[in-house]
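Geometric and topological summary
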Amino acid sequence: MANNVILMRGIVKKFGQQTVLRQVDFQIPEGRIIGLIGPSGAGKSTIIKIILGMEVPDKGSTTVFEQTMPNRKLLGRIGYMAQSDALYEQLTGQENLQFYADMKALRNSKQFIEHIAEVVDLTKDLDKRVSGYSGGMKRRLSLAIAMLGNNDILILDEPTVGVDPALRRKIWQELQNLRNQGKTILVTTHVMDEAQLCDDVALLLDGKIIAYDDPLSLEKIYQVNSIEEVFLKAEGLNNANNSNR
Ligand SMILES: Nc1ncnc2c1ncn2[C@@H]1O[C@H](COP(=O)(O)OP(=O)(O)OP(=O)(O)O)[C@@H](O)[C@H]1O
């Protein structure tokens, strides 16, 4: 059994009167790609922020490599891509990448930047200012920044929004390469084809992880043929349960 690199136990998170996470137990083993799916507003980004120590839960505990977050040293081992881009608009793509590479004290940053720019197909645009980038180009630059360096964990909040299918495939190949090197990847997505590519998929509904297994097992459990159908069936069952309460 692989070690769990991220462990959440009994997480409850409220924003004012709204309880977003009711009782989240979630463990992420080393060297796997884990997809976190759920309807919009289910609390996926909130889970990510709690893992990173950016939000504090009302109840429960979270550890990363058996330590509580935030932890500066651990943050250096994690590549994070948020839903909104944190880019320096007045700098070029290259300068943005170099800035973050310097922050990570990355050796061989030139080779890293060249490789990662190629993965997200930005090589030709690296000398342009980010203010002139399209939305999709900004997402790709954010993804490149998250992937810079030898991160042990990558946490990607909807990394392929605005990315065309061919490039999406290339990015997933890179994620799978990283997984094959033993890296751990947590990704949220609304693209069910991508969820299908994950080693395991966790389904967040009604403030809880209601199912967590590899895609084939989930399809068997829900007696359907795709993760999209798993999602729809689980949501339908949940809504029916709620209206019977
Ligand atoms: N800082 C905050 N203050 C108040 N409410 C918040 C805050 N952060 C999140 N929420 C609320 O918590 C709920 C879950 O938000 P979250 O962004 O985690 O959902 P999500 O599953 O990532 O959604 P999406 O798929 O649309 O990105 C939403 O109703 C959101 O409005």
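Provided above is the structure to which this section pertains.
To keep things clear, this report deals only with the structure shown in the data block. Values in this document were obtained by computation on a predicted structure and should not be read as measured data.

1. A word on the nonpolar core
- Grouped together as the largest cluster of nonpolar side chains are 49 residues, with contacts concentrated most on Ile37, Leu97, Leu141, Leu148, Leu156, Leu175 and Ile227.
- Membership of the second largest hydrophobic core comes to 28 residues, among which are Val20, Leu36, Ile47 and Leu186.

2. What about the packing of aromatic side chains?
- If you walk through the whole model with that rule in mind, you get four aromatic pairs.
- Measuring from centroid to centroid gives 5.3 Å for Phe26 and Tyr212, while their planes differ by 65°, and the two rings are edge-to-face. Highlighted residues: Phe26 in strand β2 (residues 18-29) and Tyr212 in strand β9 (residues 208-213), separated in sequence by 186 residues.
- Directly above the ring of Phe65 sits Arg77, whose terminal nitrogen or CZ lies 4.0 Å from the centroid.

3. Comments concerning the site of the ligand
- Near the ligand there are 15 residues, and of these Ser40, Lys44, Thr46, Gln83 and His190 occur at the shortest range.
- Within the contact set of the ligand, an oxygen atom lies 3.1 Å away from a backbone nitrogen or oxygen of Ala42.
- The side chain of Thr46 places a nitrogen or oxygen atom 2.6 Å from an oxygen atom of the ligand.
- Within the complex, the protein chains bury 64% of what would otherwise be the 640 Å² of accessible surface of the ligand.
- For the shell around the ligand, the secondary structure elements donating two or more residues are β2 and α1 (44-52).

4. Description of the sheet that holds strand β1 (residues 4-15)
- In space, the three strands of this open sheet follow the order β2-β1-β4, with antiparallel pairing throughout. The sheet terminates laterally at β2 and β4 (59-64), the two strands that pair on one side only. Strand-to-strand twist in this sheet, taken as the mean axis angle between neighbours without regard to direction, amounts to 15°.
- Bridging between β1 and β4 involves five bridges; their strand directions are antiparallel. Looking across to β4, one finds that Met8 is bridged to Thr62.
- Sheet strands in contact with α1 are β1, β2 and β4, and its direction is about 120° off that of β1.

5. Some points on unusual backbone geometry
- Looking along the chain, the bond that leaves Met69 and enters Pro70 is cis, with omega of 0°.
- Tracing the sequence through the fold places Pro70 in the loop between β4 and α2 (72-75).
- Of note in this structure, Asp121 is not a glycine but carries a positive phi near 60°.
- Mapped onto the fold, Asp121 is located in the loop between α4 (109-119) and α5 (135-147).
- With phi around 55°, Gln223 is a residue other than glycine that occupies positive phi space.
- On the secondary structure map, Gln223 appears in the loop between α8 (215-222) and α9 (227-244).
- With a relative accessible area of 69%, Gln223 lands in the exposed category.

6. A word on the layout of surface pockets
- In this structure, the largest pocket spans a volume of roughly 840 Å³.
- Every residue lining the largest pocket is counted, 28 residues in all, and those nearest its centre are Leu75, Ile78, Tyr100, Met103 and Lys104.
- Looking at the lining of the largest pocket, the elements that each hand over two or more residues are α2, β5 (78-81), α3 (93-103) and α5.
- The element best represented in the lining of the largest pocket is β5, accounting for four residues.
- A per-class count over the lining of the largest pocket returns 16 nonpolar, seven polar and five charged.

7. A short note on α3
- For α3, every residue scored as buried is listed here: Gly93, Asn96, Leu97, Tyr100 and Ala101. Take α3 and look down its axis: the buried residues cluster within an arc of 130°, on one side only.
- Looking at the buried residues of α3, the elements they touch are α4 and α5.
- Backbone geometry just downstream of α3 places Ala105 in the positive-phi region, at approximately 50°.

8. Looking at the packing of α4 against helix α6 (residues 165-180)
- The contact between α4 and α6 brings their axes to 9 Å, and the two run at 135°. Between α4 and α6, the interaxial angle falls into the category oblique. Taken together, the residues of α6 that come into contact with α4 (itself represented by His115, Ile116, Glu118 and Val119) are Leu167, Lys170, Ile171 and Glu174.
- Here the residues of the contact of α4 with α6 sort into four nonpolar, one polar and three charged.

Cut-off values and rules
- Residues numbered from 1 in each chain as written.
- Predicted model: local features only at pLDDT ≥ 70, side-chain atom pairs only at ≥ 80, totals over all residues.
- Heavy atoms only, no water.
- Core = buried A, V, L, I, M, F, W, Y, C linked by side-chain atoms within 4.5 Å.
- Buried < 20%, exposed > 50% of the residue type's maximum accessible area, 1.4 Å probe, protein only.
- Phe/Tyr/Trp six-rings, centres within 6.5 Å; stacked < 30°, edge-to-face > 60°.
- Helix = DSSP H or I, 4+ residues; strand = E, 2+ residues; numbered from the N terminus.
- Lys NZ or Arg CZ within 6 Å of the ring centre and 35° of its normal.
- Near = heavy atom within 4 Å.
- Polar contact = N/O pair within 3.5 Å; in protein donor to acceptor, adjacent residues only side chain to side chain.
- Areas by Shrake-Rupley, 256 points an atom, 1.4 Å probe, with all protein chains shown as cover.
- Pairing = 2+ DSSP bridges.
- Axes fitted to C-alpha atoms, helices over the stretch in contact; angles between N-to-C directions.
- Contact = heavy atoms within 4.5 Å.
- 1 Å grid on protein atoms, 1.4 Å probe; cavity = no way out; pocket = protein on both sides within 12 Å on 5 of 7 lines; lining within 4 Å.
- Points joined across faces, edges and corners; volume = space filled by probe spheres on them.
- Nonpolar A, V, L, I, M, F, W, Y, C, P; charged D, E, K, R; others polar.
- Arc of directions from axis to C-beta.
- Parallel < 35°, antiparallel > 145°, perpendicular 65-115°, else oblique.

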